[in-house]
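# Chain and residue survey
So you can see what is in the structure, the chains are spelled out below.
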Amino acid sequence: MNKPLSEKEKLLTMLTEIYDQLEELESVLEASFSDLRSSLNQEELEKLTIPVQKLSAIENKIENQSATQDILDGYSDNKQVAKALKLELGF
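Residues numbered from 1 in each chain as written. Predicted model: local features only at pLDDT ≥ 70, side-chain atom pairs only at ≥ 80, totals over all residues. Heavy atoms only, no water.

## Quick word on the overall build of the chain
Helix and strand counts for the chain come out as 2 helices and 0 strands. Within the chain, buried positions represent 5% of all 91 residues. With an accessible surface of roughly 8,400 Å², the chain has 58% of that area assigned to carbon and sulfur atoms. (Helix = DSSP H or I, 4+ residues; strand = E, 2+ residues; numbered from the N terminus. Buried < 20%, exposed > 50% of the residue type's maximum accessible area, 1.4 Å probe, protein only. Areas by Shrake-Rupley, 256 points an atom, 1.4 Å probe, with all protein chains shown as cover.)

Here you go:
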């Protein structure tokens, strides 16, 4: 009768060890994915910086051209159109 109890204890010990290993693996994976997530976020931010700067330059150019056209034409309608035209980067 002692023999089945000892096998149960062995099995329980093995399951406890497996559980401990899984907990350790979980913490390692969480740290790894956290680092990877941060790295990917930084990469995407760097990829978006240049297009955002280009869009800002285009917006400024449109605004400057509109202001120049207003001076030449004497109308303020073009300026209203330029302000309504807002370029955005969506993803």
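## Observations regarding the pattern of salt bridges
Applying the stated rule across the entire model yields 1 salt bridge. Its salt-bridge partner being K47, residue E44 comes within 3.7 Å of it at the nearest N-O pair. Separated by 3 residues within a single helix, E44 and K47 lie in helix α1 (residues 2-73), roughly one turn from each other. A relative accessible area of 42% places E44 in the partly exposed class. (Salt bridge = Lys/Arg side-chain N within 4 Å of Asp/Glu carboxyl O.)

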